[in-house]
Amino acid sequence: MSQIEKSPPPKPRAPHPTEIPSEIPSEIHPHPVPGPRAGKPRRAALRRDLSASIVVFLLAVPLSLGIALATGAPPQAGLVAAAVGGIVAGLLGGAPLQVTGAATGLLVVTADLVQRYGWRATCAITVLAGLVQLALGALRVARAALAISPAIVHGMLAGIGVTIAVGQLHVVLGGSPDSSALDNVAALPRQLEHPHAAALLIGAVTVAVLAGWKRLPGRGGRWARVVPAPLAAVLAATALSAGMALPRVDLPSWRLPELPALPDASWPAVAAAVLTVTLVASMESLLSAVAVDRLAAEQPGAPQGRSQLNRELAGQGLANAVSGLLGGMPVSGGAMRGSANVKAGAATRRATVLHGVWVLLCAGLLAGTLELMPLASLAALVMVVGVRMVSFAHIRHVQRHREFPVYAATLGAVVALGVLQGVATGIAVSVFLALRRLTHTRIAVTEEPDCHRVRVSGQLTFLAVPRLTRALALVPARANVVVELCGSFMDHAAYEALRSWSAGHRAHGGWVTLGGRSGRPIAEPTSAHSCRPWTPWRNHHCTRPAPALASAPQSSGSQLLGGVSAFQRHTAPLVREELARLAREGQRPTQLFLTCADSRLVTSMITSSGPGDLFTVRNVGNLMPPPGSDASCDSVAAAIEYAVEVLRVGSITVCGHSGCGAMGALLASAAPDEAEPTPLARWLRHGRPSLARMARIGRLGRGEVALDNRPVADDQERLALVNVLQQLDHLRAHPCVARREAEGSLALHGMYFHVGDAQAYVLDETTGRFSAVCGEPSPVRV
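Rules used in this analysis
Residues numbered from 1 in each chain as written. Predicted model: local features only at pLDDT ≥ 70, side-chain atom pairs only at ≥ 80, totals over all residues. Heavy atoms only, no water. Helix = DSSP H or I, 4+ residues; strand = E, 2+ residues; numbered from the N terminus. Buried < 20%, exposed > 50% of the residue type's maximum accessible area, 1.4 Å probe, protein only. Contact = heavy atoms within 4.5 Å. Areas by Shrake-Rupley, 256 points an atom, 1.4 Å probe, with all protein chains shown as cover. Core = buried A, V, L, I, M, F, W, Y, C linked by side-chain atoms within 4.5 Å. Axes fitted to C-alpha atoms, helices over the stretch in contact; angles between N-to-C directions. Parallel < 35°, antiparallel > 145°, perpendicular 65-115°, else oblique. Left-handed = near helix turned anticlockwise from the far one by under 90°. Phe/Tyr/Trp six-rings, centres within 6.5 Å; stacked < 30°, edge-to-face > 60°. Patch = residues over 30% accessible without salt bridge, like charges linked within 9 Å, V, L, I, M, F, W, Y side chains within 5 Å. Salt bridge = Lys/Arg side-chain N within 4 Å of Asp/Glu carboxyl O. Pairing = 2+ DSSP bridges. Right-handed = clockwise from strand over helix to strand, strands pointing away. Expected span 1.5 Å × (residues − 1). Arc of directions from axis to C-beta. Lys, Arg positive; Asp, Glu negative; His and termini not counted. Polar contact = N/O pair within 3.5 Å; in protein donor to acceptor, adjacent residues only side chain to side chain.

A. The arrangement of the overall build of the chain in detail. Summing up its helical and strand segments, the chain has 29 helices and 14 strands in all. A buried classification covers 45% of the 782 residues belonging to the chain. Nonlocal contacts in the chain, meaning residues at least 24 apart in sequence, comprise 74% of its contacts between residues at least 6 apart. When the accessible surface of the chain is summed, it comes to about 39300 Å², and 61% of that surface belongs to carbon and sulfur atoms.

Here it is in structure tokens:
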């Protein structure tokens, strides 16, 4: 247990309800208030966006050209996709820092469409896929798309990456790839026997620069932070290839794009193509948006908050429709471009839009420079991108969750059959494994020195009931049995089978406990106790044991024994280990809690404390007699001395409560002295200083006690609040408490608990105000 800290005083309210509080920094508020200094943050954000847009532009140009060439599309189609994705999706999408461009995950799909139907038909499929994405965004199904198992998504991306890498390796070796990944793998040995030396050299240089660019020491390291690795690799390869006879980028002259034309194929084939483009582009975009959000949350100054995924899906759809109409490739959000944008310091969506503008200007003004790039270098760049899509971190992640078979099946099917077929295969394997886990149950019976243990591993359904009953039949009569259920699900048939066997075993003199892996009881079929583990105190009549005869009288003793029995069955197994540790080590509480003996005040409940946390002193009225009182009060002083001097607690809390009978008795006492005072009357004399203190401050309690969220209800509540302050003064009069508090090693706190509202209040002694403890995390903790 730690100590109770004082809540900070409430901040002053704004003069007008529509005015933004000055405590909220303008740079993190969604609509900052204009002021004399508002221009500086805006200019700083603009500079960051401009710098980031240039970095992403330098990354996007070679990547877009490489993807276009790898698919067999016109080279300018990649630049159109980058420009449209940056401007359209950047302006209208729901992920401000995500950068949209030619879809890496669609490279294999696009290449197949280009080869099968031609480029104009591919553009038409892109437009139709964009319209489907727009419809899905309007239907608000983006979150549902993320419900697909991560193993399937990662397996799909890895399969696409393998296909890309194998196909582009042929280009690096000086050959040309086939449309099938399996054919590319089969043809690879022959290609390795006769490589093109110049192309292989250019590809090797590109890969080497990509791999080592971020590791450059000294001044080179500073350049590595400014220039993206793909641009540096392509520039180095272009410079090295000067004078070599190598295939290079060929950008035809710009002209108005031809209108898309529907493919000459059956409608089911066209629908399958549109569905594939929609599925892969949407999944890649949504997953990238989530990844960019996570990365932005770690960057200082980046806008916080989650992306609007449905708006992002609609923005991607509109960008695909426009890209297809203008002769561009299918687009999607990319984690590579998005992460580069965030790391470059982007502050708003301006960086994404500006990157699209730079791509558009580059395509129109620097076409001659782009044509100097060797195709082998761009192929090597795309090959490395494909290799990086196979992430070992993802493999380890799915392996920890026992989903590697789903990952492997999806990857293999994507490589062998295609993207849509691979996703369908992954879903089928995932469903099969889920059903197998649901039905695969292992039941073992072992004999231990003090009991027979029946261990059930897996989910306990009706399919396992025959094996369960056979295993239970092996248990001898009148034996002590522990049934350990290690799964997370048990259906009604299995529960009834366990219940029937447990009742029969107990009827023949046996003993049965049903529990989980940690020993936590799961069910007790023959018990009348219906309390939940988190509310063992609630509706305590259920702890009364059922009488043998209907006419048997109930008593408080039987109720108490019923509660003790419930503790032994349900709670003791959970706390036995902790209590054994405390028995060995002794008590080491950090808090002394002085409160009333009222039965409604459950200290462990209102402080969320457990065994060994609180050293509790309870008496009528939570009174702390000052030094020099009569000897009959030594028990409370002795407890205080023991807690302060021996246990060395760090804080003492005095807690009053509403409806306190002692406060009511003090208010009702007419004669201050009685001829023959009872023990209760003698004890309540220690509360008279509180009564006198309340009389001094007046009925309104000005300057002394108050509740911060409501007025004090009546004199009984006011006296209970004043009594907390008075007992703190009595505590400070004890030498041991005064010494420790002066040393700074002991803190004193006041609390008030309103029973009817289940609301705790903490005292601020400087103001005499009791502040309500909120249910959210706050500086107040016990």
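B. Molecular detail of the nonpolar core. Formed by 55 residues in total, the largest nonpolar core has its most connected members in Ile160 and Met329. Per element, the largest residue contribution to this core is 8 residues, and it comes from helix α6 (residues 150-172). With sequence-adjacent residues up to four places away left out, isoleucine 160 is seen in contact with Thr104, Gly105, Val108, Val280, Met389, Val414 and Val419. Ile640, Val644, Leu684 and Tyr761 belong to the second-largest nonpolar core, a separate cluster that totals 43 residues.

C. Highlighting the packing of helix α10 (residues 229-240) against helix α16 (residues 375-388). Following both chains from N to C, one finds α10 and α16 inclined at 155°, their axes separated by 9 Å at the closest point. Here α16 runs roughly antiparallel to α10, going by the angle between their axes. Judged by the sense of rotation from one axis to the other, the crossing of α10 with α16 is right-handed. Contacts between α10 and α16 involve Pro230, Ala233, Val234 and Ala237 from the former and Ser377, Leu378 and Leu381 from the latter.

D. Highlighting the packing of aromatic side chains. For the structure on display, the rule yields 3 aromatic pairs. On the basis of an interplanar angle of 45° and a centroid distance of 5.9 Å, the ring pair of phenylalanine 615 and tyrosine 642 is categorised as tilted. Pair noted here: phenylalanine 615 is in strand β9 (residues 614-619) and tyrosine 642 is in helix α24 (residues 634-646), with a separation of 27 residues, a long-range link. Relative to tyrosine 761, the ring of tyrosine 752 lies with its centre 6.1 Å away and its plane at 45°, an arrangement referred to as tilted. The exposure class of tyrosine 761 is buried, given its relative accessible area of 2%.

E. Structural detail: a nonpolar patch on the surface. Residues Ile427, Val431, Leu435, Leu438 and Phe489 make up a contiguous nonpolar surface patch of roughly 430 Å² in combined accessible area. Position of leucine 435 among the secondary structure elements: in helix α19 (residues 419-439).

F. Representation of the pairing of strand β4 (residues 452-457) in the model. Among the 6 residues in β4, 5 count as buried, and that is most of the element. Inspection of the sheet shows strand β3 (residues 442-447) paired to β4 by 6 bridges, in the antiparallel sense. Its bridge partner being in β4, alanine 444 is matched across the sheet by arginine 455. Counted along the chain from β3 to the antiparallel partner β4, the turn is 4 residues long. Assessed by its sense of winding, the connection that carries the chain from β4 through helix α20 (residues 465-472) to strand β5 (residues 480-485) is right-handed.

G. Main features of the pattern of salt bridges. Scanning the entire structure with this criterion turns up 15 salt bridges. Put simply, arginine 739 and glutamate 743 hold a salt bridge, and the shortest N to O gap is 3.9 Å. Placement of both arginine 739 and glutamate 743 in helix α29 (residues 735-743) is noted, with a separation of 4 residues, approximately one turn of the helix. Several salt bridges share partner residues, and in doing so they unite Glu448, Arg453, Arg455 and Glu484 into one network.

H. Highlighting the sheet that holds strand β11 (residues 706-707). With respect to topology, 7 strands assemble into an open sheet ordered β9-β8-β10-β12-β13-β14-β11, the strand pairing being mixed. The open sheet has two free edges, formed respectively by β9 and β11, since each of these has just one partner strand. Sheet topology note: the β11/strand β14 (residues 769-772) ladder contains 2 bridges and is parallel. Its bridge partner lying in β14, alanine 706 is registered against arginine 769. This element, α24, spans β8 (591-596), β9 and β10 (651-657) of the sheet and lies at about 170° to β9.

I. Here's a closer look at α24. Between its first and last C-alpha atoms α24 spans 17 Å; for 13 residues at 1.5 Å apiece the expected length is 18 Å, and the two agree. Within α24 the residues assigned to the buried category are Val636, Ala639, Ile640, Ala643 and Val644. Buried residues along α24 cover an arc of 120° about the axis, so they all sit on one side. Every exposed residue of α24 that faces more than 90 degrees away from the buried side is listed here: Ser635 and Val646. On its buried face, α24 sits against β8, β9, β10, α26 (679-684), α28 (715-732) and α29.

J. Focus on the side chain of serine 288. Here serine 288 shows up in helix α11 (residues 267-297). Residue class for serine 288 comes out buried when judged on its relative accessible area of 5%. Ignoring any residue separated from it by four or fewer positions in sequence, one finds serine 288 in contact with Gln98, Gly333, Gly334 and Ala335.

K. Broad picture of helix α2 (residues 75-92). With 18 residues, α2 extends 26 Å from end C-alpha to end C-alpha; this agrees with the ideal 26 Å at 1.5 Å per step. Most of α2 is tucked away: 15 of the 18 residues are buried.

L. View of the side chain of glutamate 312. Among the secondary structure elements, glutamate 312 is positioned in helix α12 (residues 309-325). Arginine 349 provides the closest opposite charge to the buried, unpaired glutamate 312, separated from it by 6.5 Å. Here the side chain of glutamate 312 touches glutamine 98 through a polar contact of 2.8 Å, side chain to side chain. For glutamate 312, the contacting residues outside a window of four places in its chain are Gly93, Gly94, Ala95, Gln98 and Thr100.

M. Structural context of the environment of glycine 612. Along the chain, glycine 612 falls in the loop between α23 (603-606) and β9. Taking relative accessible area as the criterion, glycine 612 reaches 28% and is therefore assigned partly exposed. Taking C-alpha positions, glycine 612 is 9.2 Å from glutamate 578, a pair spaced 34 residues apart along the chain. Those residues within four positions of glycine 612 in sequence are excluded, and the remaining contacts are Leu582, Arg588 and Pro589.

Interpretation note: all reported values are geometric properties and have no functional meaning in isolation.
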